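Tertiary structure, described
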Amino acid sequence: MATQTTNMTVLTAQMDTTNRPDEWKIEQGMAGHKLPILDQSGLDTVHIYPPKPKELYKDEEAIEAVGNRNELFKREKEGWKGYVEWENYPEKKAKAHRILTSQTFSPCPDYMFGPIPDTNPVLTGEDFKQWHAALGGELASVADDSWRTVLREKHPDMLHLLQFPYNGEPPKRLVTSKVVTPNPLHFVRNHGGIPLIEKDKWSLTLDGLVKHPKNYTLDDLQDETRFPRIEKLVTMQCSGTRRIEQIALYGGQGDEVPQAPWAEGAIGTARYVGISLKKVIKDCGGLIAPAKHLELYGAETYIKDLEAMNYVVSVPWSKVKANEVILAWEMNGEPLPKIHGYPLRVVVLGYIGARSVKWLYRIKAIENPSRAPVQSREYLYFNQQVGKYNQTPTDGIQIQEMPVSSAIMSPWTKQVIIHDGKIRCKGWAYSGGGRWPERVELSADGGFSWYSVPQEKLSKKGRWTWRTWEMELPCDVEGWIEIVCRCWDNSLNTQPLNVRAAWNWGLHVTSSAHRISVYSVNKKHEATRKKIEKMEHLGIPLAPLTFYQPVPGQTPEQYEQYWKEHDPRDVDD
């Protein structure tokens, strides 16, 4: 008996003694954030329940002691609304951290295990809004100013995944409607508020390990006698594209906005005009040893782990030297929209969108990759054995070039498709690093048999661009099928066939073959065609599969006739 007692599960005082209304959902893993952790590292199993929300508190005395927020975080430069310089003032960062840690904020709801709201914006970003409001000063109105910019510059049908900082993608029906994405439909992934900068007040500093540090106005950079212009058609992709597929199977950290449910629209193609960063560095006399990287500064305020900072990343000199880093001021024949980095942004060809810094105001030549959090602690690709309780940033590979990927834009998963033996599909394919999609393949049987998209149904090849595609996919099956899409690039790289092979704690780079489940209704089959014709004759409307409708299959006479012509259900001895 003593042994049995020792091995019995220990029920803590918090253990529920009566069922909750959502008990069934919790038991079935539909509310995973409410499940207790089972600690089985000892002889007894211990239930560790999720912590209860902390009571909100605010240490007014500690906050007041930091100083006047309107003075501490006032406007840095005339004509730069919403910009605060953090990187040059460690003491300012320290004061902001003291303010943010002297109070608590409402927690972010769990949208990996909990339900995603049926709203647009899907998520509001209340935590980021609270942090900006707590710092006040120049940041007090940033959230409202940013949202007004979104409504002014973006298509009314955009899917607003996160209101602040703004994250948005076009609906599937519009993602590949044009090979070149119109500005109002191009996806946006912001890390902070949108600074509103006047062109005539803007300047760029290039310093660090260069022979002659300089400042430039936009007119300086646009002087064609000094800097030859570059025009490039470029596909930009967020490393969070298709994140919802990883979240749907296995939760993870995500990045600084861990809940953003990115789908297949976090990719877009635009024609940019600007100059090569290499030429500007040459104008500064070139790099001096031991410079090997260029650190890029964006004017937005980004808050990570209650630390305020500007958005800072880096790219290697080898990338710049190859003329693959552009300083752009024009997008699709227009000045950069404010939401896309006006008046100047970086466009890094073939890299993840996170390296293409918006609202650029400083470039610093440095020896090693930037130690700023976005470069060193985020956008990392972890091994599957690395997770919440054992990961360190150096376990991850810093994501630069995007791997080969593709996605189906039509049909949508769980749709019913009525067809005559072929299902019309469309989508996109892309590969980073200067590679391009060479072949796109589709399967209607979960990936056993593959058909190539005809070359004439693929958009033109480009070294830095996606290819949109359309295809009539052969399908003889009736009922549920799984359509799969995969791409082969010109280096014969292709996509892993399942999400698990691409899952990682950061939920970045969902590069697995895209899979959707649809219900095939094949009118090439006589029984199916006759049934649909009968429904039409009887005035029975088509409805979702799960919508019950009494649809007659056979008349009693047809039923009896069948058994006159065939053996009975059971066999006589």
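Residues numbered from 1 in each chain as written. Predicted model: local features only at pLDDT ≥ 70, side-chain atom pairs only at ≥ 80, totals over all residues. Heavy atoms only, no water.

Overview of the overall build of the protein
Scanning the protein from N- to C-terminus turns up 16 helices and 27 strands. Dimensions of the protein, computed from the C-alpha atoms along their principal axes, are close to 100 × 75 × 45 Å. Sorting the 573 residues of the protein into buried and exposed places 49% on the buried side. Here the analysis covers contacts within the protein between residues at least 6 apart in sequence; of these, 72% occur between residues at least 24 apart. Of the roughly 28200 Å² of accessible surface on the protein, 52% is carried by carbon and sulfur atoms. (Helix = DSSP H or I, 4+ residues; strand = E, 2+ residues; numbered from the N terminus. Buried < 20%, exposed > 50% of the residue type's maximum accessible area, 1.4 Å probe, protein only. Contact = heavy atoms within 4.5 Å. Areas by Shrake-Rupley, 256 points an atom, 1.4 Å probe, with all protein chains shown as cover.)

Points about unusual backbone geometry
Of note, the amide linkage connecting Phe164 to Pro165 takes the cis form, showing an omega dihedral of -10 degrees. Relative to the assigned elements, Pro165 resides in the loop between β4 (159-162) and β5 (167-169). At Arg242, a position not held by glycine, the phi torsion is positive, near 70 degrees. Among the secondary structure elements, Arg242 is positioned in the loop between β10 (229-237) and α10 (243-249). The backbone of Trp359 shows a phi angle near 50 degrees, a positive value even though the residue is not glycine. Following the sequence through the fold, Trp359 ends up in the loop between β16 (345-348) and β17 (360-366).

Some details on the domain arrangement of the protein
As far as domains go, the protein holds domain 1 (60-398), domain 2 (404-522) and domain 3 (526-565). Between domain 2 and domain 3, the C-alpha centre-to-centre distance is 34 Å. With seven residues of domain 2 at the interface, the matching set in domain 3 holds four residues. Each partner contributes to the roughly 410 Å² buried at the junction of domain 2 and domain 3, and carbon and sulfur atoms together form 82% of this total. At the junction of domain 2 and domain 3, the tally comes to one residue pair in polar contact (both at pLDDT 80 or more). Among the secondary structure elements, those contributing two or more residues to the side of domain 2 that touches domain 3 are β21 (416-419) and β27 (514-522). Ranked by residues supplied to the side of domain 2 that touches domain 3, first place goes to β27 with three residues. Here the residues of the side of domain 2 that touches domain 3 sort into five nonpolar, one polar and one charged. (Domains from an automatic or database assignment. Buried area = accessible area lost by both parts, 1.4 Å probe. Polar contact = N/O pair within 3.5 Å; in protein donor to acceptor, adjacent residues only side chain to side chain. Nonpolar A, V, L, I, M, F, W, Y, C, P; charged D, E, K, R; others polar.)

Quick notes on helix α7 (residues 142-153)
Given a rise of 1.5 Å per residue, 12 residues ought to cover 16 Å, and the 16 Å separating the end C-alpha atoms of α7 matches this to within 8%. Restricting attention to buried positions, one finds in α7 the residues Val142, Ala143, Asp145, Ser146, Trp147, Thr149, Val150 and Glu153. As for α7, its buried residues are in contact with β3 (80-81), α6 (126-135), β4 and β7 (196-197). (Expected span 1.5 Å × (residues − 1).)

Section: a negative patch on the surface
Residues Asp59, Glu60, Glu61 and Glu64 make up a contiguous surface patch of negative charge. Assignment of secondary structure puts Glu61 in helix α3 (residues 60-66). Taking relative accessible area as the criterion, Glu61 reaches 69% and is therefore assigned exposed. (Patch = residues over 30% accessible without salt bridge, like charges linked within 9 Å, V, L, I, M, F, W, Y side chains within 5 Å. Salt bridge = Lys/Arg side-chain N within 4 Å of Asp/Glu carboxyl O. Lys, Arg positive; Asp, Glu negative; His and termini not counted. Charge placed at Lys NZ, Arg CZ, Asp CG, Glu CD.)

Some words on the sheet that holds strand β25 (residues 467-474)
In space, the three strands of this open sheet follow the order β20-β22-β25, with antiparallel pairing throughout. The open sheet terminates on both sides in strands that have one partner only, identified here as β20 (405-410) and β25. Looking at each pair of strands side by side, their axes are set apart by 30 degrees on average, direction ignored. Relative to β25, strand β22 (residues 422-430) is paired through eight bridges, and the arrangement is antiparallel. Bridge pairing in β25 links Ile423 to Leu473. (Pairing = 2+ DSSP bridges. Axes fitted to C-alpha atoms, helices over the stretch in contact; angles between N-to-C directions.)

Focus on the sheet that holds strand β8 (residues 204-208)
Overall, mixed pairing links the five strands, which are arranged β9-β8-β17-β12-β13 in an open sheet. The open sheet has two free edges, formed respectively by β9 (214-216) and β13 (307-316), since each of these has just one partner strand. Taking the axes of each pair of neighbouring strands and ignoring which way they run, one obtains an average angle of 25 degrees across the sheet. Bridge count for strand β12 (residues 293-304) against β17 is six bridges, and the pairing is antiparallel. Within β17, the residue paired with His293 across the bridge is Ile366.

A look at the layout of surface pockets
Computed from the structure, the second largest pocket encloses a volume of approximately 680 Å³. Around the second largest pocket, the lining comprises 24 residues; the ones closest to its centre are Lys172, Ala263, Glu264, Thr413 and His514. Mapped onto the lining of the second largest pocket, the elements with two or more residues apiece are β4, α8 (172-175), α10 and β27. Residues belonging to the lining of the second largest pocket are distributed by class as follows: 12 nonpolar, five polar and seven charged. (1 Å grid on protein atoms, 1.4 Å probe; cavity = no way out; pocket = protein on both sides within 12 Å on 5 of 7 lines; lining within 4 Å. Points joined across faces, edges and corners; volume = space filled by probe spheres on them.)

A word on the pairing of β27
The pairing of β21 with β27 spans four bridges and is classified as parallel. Within the sheet, the bridge partner assigned to His419 lies in β27 and is Asn522. Sheet topology places strand β26 (residues 479-489) next to β27; seven bridges connect them, and they run antiparallel. When the sheet's bridge partners are listed, Cys485 is paired in β27 with His514.

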